[in-house]
Amino acid sequence: MKFVSFQVPTPMGAQTCIGAIDPDRRIVDLAAAYRARLVSSGLTAEAATRISAALLPGDMVAFIEGAERALEAAHEALAWAAQAGAEPADAPLFADPDRVTMLAPVPRPPLLRDFMGFETHLRNIYQRLGREIPPVWYELPVYYKGNTGSVATHEDDVPIPTYATELDFEFELALIIGKGGRDIARDKALAHVFGYTIYNDFSARAIQTREMSVGLGPAKGKDFWRGHVLGPWLVTADEVGDIYDARMVARVNGKTWCDTRAGTIHWRFEDMIAHASLGEYLRPGEVFGSGTVGDGSAMERGTALHAGDVVELEVEGLGLLRKRVVSGAP
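Since we're looking at a predicted model, the values are computed, not measured.

A few words now on the pattern of salt bridges. For the structure on display, the rule yields 25 salt bridges. Ionic pairing is found between Arg37 and Glu76, a salt bridge with its closest N-O pair at 3.8 Å. Within this pair, whereas Arg37 is found in helix H1 (residues 30–40), its partner Glu76 is found in helix H4 (residues 67–83), the two being separated by 39 residues in sequence. Judged by relative accessible area, Arg37 falls into the partly exposed class, the value being 29%. Of the charged contacts in the structure, one is a salt bridge between Glu312 and Arg251, with a shortest N-O distance of 3.3 Å.

Below, the structure is given as structure tokens:
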């Protein structure tokens, strides 16, 4: 399944909902569809509302925590919407694109860890710096932790922060943890994955270079508003299949900059999960970034992004993630 998060306006303020993409690319409001299914079976509207809210909460992390029962309810809701015919006027089953605000598939992840999984990207960067990849990189899959309050999604403009004049994009895959755990064995790691999405990890290179020169960070070089972009969907692991077979294509202003495969990764997701869980509990809903794929950034070409530039990242099976860089924070 392909899941999304979105907000709908209500008299009490914006309400966050989760949806699924149907074969016609419509967004099914899962709680609404499940509620309609229960009412059709004879339950009262009050009971149906209570049950659907419990099984299909509006928060994606809570939904993921619901595990198999929540997924079963989502499948049932999607199937009901497909055969329901006309929508109830007072409880539409499909999100109206003109009325909803799309969010990142996981708008409030408990943690964001971004790794450095692709050797080609690092080699390209370090060659430009006149240096070799540090030997320790080959010994363990290192990562930094990003600000989950800076998460954005498909088609959200990315403003250049006030302390920068240009940006870079970084083309990554991301997995979402489905089942928590500690000290997870590498050969069991993928059983803890709920699904995958595309990740554009925007960077303000100038301040990133300065702050990391003291051995800490990145911080302001990554965590500016809308700097961590996830989307367009969260695709369940069973639908994706072998993530390492996926083709990855990046275009900037319509020109192809990167055309490669996820299988070029050095540190695989299994390595990342096993390493991150050493002596530490992973929680459902956590985001793991793969690190930038080879040729998946402007810095590797000796250039940068400026206001008006449009970046499109496309991954086979995961969709297309589009962002435009704009000047100044709103």
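Further notes follow.
In terms of residue burial, strand E2 (residues 15–21) counts as a mostly covered element, since six of its seven residues are buried. Sheet topology places strand E1 (residues 2–8) next to E2; six bridges connect them, and they run antiparallel. Of the residues in E2, the one forming a bridge with Gln7 is Thr16. As judged from the three bridges shared by E2 and strand E3 (residues 27–29), these two strands associate in the antiparallel manner. Within E3, the residue paired with Gly19 across the bridge is Asp29.

With that settled, consider helix H5 (residues 119–128). Owing to its 3.6 residues per turn, the α-helix brings residues three or four apart onto one side. Restricting attention to buried positions, one finds in H5 the residues His121, Leu122, Asn124, Ile125 and Tyr126. Phi for Gly130, located one or two positions after H5, is positive at around 70°.

Turning to helix H2 (residues 45–55), a few remarks are in order. For H2, the full list of buried residues reads Ala47, Ala48, Ser52 and Leu55. Mapping the buried residues of H2 onto a view down its axis gives an arc of 125°, with all of them on the same face. In H2, the exposed positions that point more than 90 degrees away from the buried face belong to Glu46, Arg50 and Ala54.

Turning our eyes to something else, we now look at the nonpolar core. One finds Phe169, Phe171, Phe202, Ile273 and Phe288 to be the most contacted residues of the largest nonpolar core, which totals 62 residues. What Phe202 contacts, discounting residues up to four positions off in sequence, is Val158, Leu167, Asp168, Phe169, Gly221, Lys222, Phe224, Gly227, Val229, Leu305, Lys323 and Val325. Within the second largest apolar cluster, 39 residues are counted, among which are Leu38, Val61, Ala77 and Leu230.

Taken in spatial order, the five strands of this open sheet run E8-E18-E17-E13-E14, and their pairing is mixed. On the outer flanks of this sheet lie strand E8 (158–160) and strand E14 (255–261), each paired with one strand and no other. Within the sheet, the average angular offset between the axes of one strand and its neighbour, ignoring direction, is 20°. Direction of pairing for strand E17 (residues 310–315) relative to strand E18 (residues 319–327): antiparallel, over a ladder of six bridges. Paired with Glu312 across the strands is Arg322, a residue of E18.

Basis of the calculations
- Residues numbered from 1 in each chain as written.
- Predicted model: local features only at pLDDT ≥ 70, side-chain atom pairs only at ≥ 80, totals over all residues.
- Heavy atoms only, no water.
- Salt bridge = Lys/Arg side-chain N within 4 Å of Asp/Glu carboxyl O.
- Helix = DSSP H or I, 4+ residues; strand = E, 2+ residues; numbered from the N terminus.
- Buried < 20%, exposed > 50% of the residue type's maximum accessible area, 1.4 Å probe, protein only.
- Pairing = 2+ DSSP bridges.
- Arc of directions from axis to C-beta.
- Core = buried A, V, L, I, M, F, W, Y, C linked by side-chain atoms within 4.5 Å.
- Contact = heavy atoms within 4.5 Å.
- Axes fitted to C-alpha atoms, helices over the stretch in contact; angles between N-to-C directions.

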